Structures are given as structure tokens and as C-alpha cells.
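Observations on the model geometry
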Amino acid sequence: MKEFDEINAIKHIRNCAGNRFSAQYSNDDILLVIDTIFDYFEANDDDDNFELDLNALVEYVKKQLRKDKGNVIVDDDVQAIVEAELSYEDSLFED
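Figured I'd write up the structure that's included with this text. (Residues numbered from 1 in each chain as written. Predicted model: local features only at pLDDT ≥ 70, side-chain atom pairs only at ≥ 80, totals over all residues. Heavy atoms only, no water.)

Moving on, we come to the side chain of Lys62. Its location among the elements puts Lys62 in helix H3 (residues 54-67). Exposure remark for Lys62: the relative accessible area of 16% places this residue in the buried category. Filtering out sequence-adjacent residues up to four positions away, Lys62 remains in contact with Asp75 and Val78. (Helix = DSSP H or I, 4+ residues; strand = E, 2+ residues; numbered from the N terminus. Buried < 20%, exposed > 50% of the residue type's maximum accessible area, 1.4 Å probe, protein only. Contact = heavy atoms within 4.5 Å.)

What follows deals with the environment of Asp29. On the secondary structure map, Asp29 appears in helix H2 (residues 27-43). Looking at Asp29, the relative accessible area reads 17%, which means it is buried. When sequence neighbours within four positions are dropped, the list of residues in contact with Asp29 reads Gln24, Val72 and Ile73. There is a polar contact of 2.9 Å between the side chain of Asp29 and the backbone nitrogen of Ser26. (Polar contact = N/O pair within 3.5 Å; in protein donor to acceptor, adjacent residues only side chain to side chain.)

Taken as a whole, this structure holds two salt bridges when the rule is applied. Across the salt bridge formed by Glu59 and Lys62, the nearest N and O atoms sit 3.6 Å from each other. You can see Glu59 and its partner Lys62 sitting in helix H3, three residues apart, about one turn around the helix. What makes Glu59 partly exposed here is its relative accessible area of 43%. Measuring nitrogen to oxygen at the nearest pair gives 2.7 Å for the salt bridge that ties Arg66 to Asp75. When its relative accessible area of 29% is taken as the criterion, Asp75 is described as partly exposed. (Salt bridge = Lys/Arg side-chain N within 4 Å of Asp/Glu carboxyl O.)

Okay, the nonpolar core next. Judged by nonpolar contacts, the single largest core of 24 residues is most densely connected at Val33, Val61 and Val82. Of all elements in the fold, only helix H1 (6-16), H2, H3 and helix H4 (75-91) reach the threshold of two or more residues within this core. (Core = buried A, V, L, I, M, F, W, Y, C linked by side-chain atoms within 4.5 Å.)

Spanning 17 residues, H4 covers 25 Å between terminal C-alpha atoms, matching the ideal 24 Å at 1.5 Å per step. What H4 keeps buried is the set Asp77, Val78, Ile81, Val82, Ala84, Glu85, Leu86, Tyr88 and Ser91. Residues of H4 that are buried make contact with H1, H2 and H3. (Expected span 1.5 Å × (residues − 1).)

Under the definition given, this model contains six aromatic pairs. Centroid distance Phe4 to Phe38: 5.1 Å. Interplanar angle 80 degrees. Geometry classified as edge-to-face. Taken together, the positions of Phe4 in the segment before H1 and Phe38 in helix H2 put the pair 34 residues apart, joining distant regions of the chain. Here the aromatic rings of Tyr40 and Phe50 are separated by 6.1 Å at their centres, their planes lie at 65 degrees, and the arrangement is edge-to-face. With Tyr40 in helix H2 and Phe50 in the loop between H2 and H3, this residue pair connects regions lying ten residues apart in the sequence. Residue classification places Tyr40 among the buried positions, given a relative accessible area of 9%. Take Phe50: its relative accessible area is 25%, and that puts it in the partly exposed class. Among the aromatic side chains, those forming a connected cluster through ring pairs are Tyr40, Phe41, Phe50 and Tyr60. (Phe/Tyr/Trp six-rings, centres within 6.5 Å; stacked < 30°, edge-to-face > 60°.)

Below is the structure:
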């Protein structure tokens, strides 16, 4: 298993989305989504029966981002960023 690297995660997310987010979102904006995803998993860490529900994760991220007054990520882009981040995590297990 490879080690998680924020820079590589951001690159992966940008690659998955093409250049769609390049001009619109800074690395810090995307990192905010990554951090929020980690918060979601940490909140469910004690649940032995936890199974990832993509829709629940996306809704959690949207809700948390709405609370951040400095957030610029629009709801319509959250799912693509979340899916790309999960894809990056999956790639860490590949040889």
C-alpha cells in the first residue's frame, strides 16, 4: 500500500475532472473537501458495521462546506471531487 499524499491526491482529483476545476478551485479549496471526507470517516470510525454510502458522504461534505463562510465549492461539483478522492484512495492499494 502506498502512503497518502495530499499533493498527489489533489493532482489525481484534477486529472479525474480534466481541467474543469483548475481555474475555479485552488488546491486549498480541494484540500478542504479532502479534509471533510476524512472527518466523515473519523466520525464513523467506531462503527464496526460501517459501509460507505456515497450519497451520505456527499451530503455530509455539502453540509459541512455550507457551514464554511469562505467555501467557494459549489454543491454541483462536490460529488465529482468526492468520487475522485475515493478513486485516489483506491489507487493506493494498487501495485
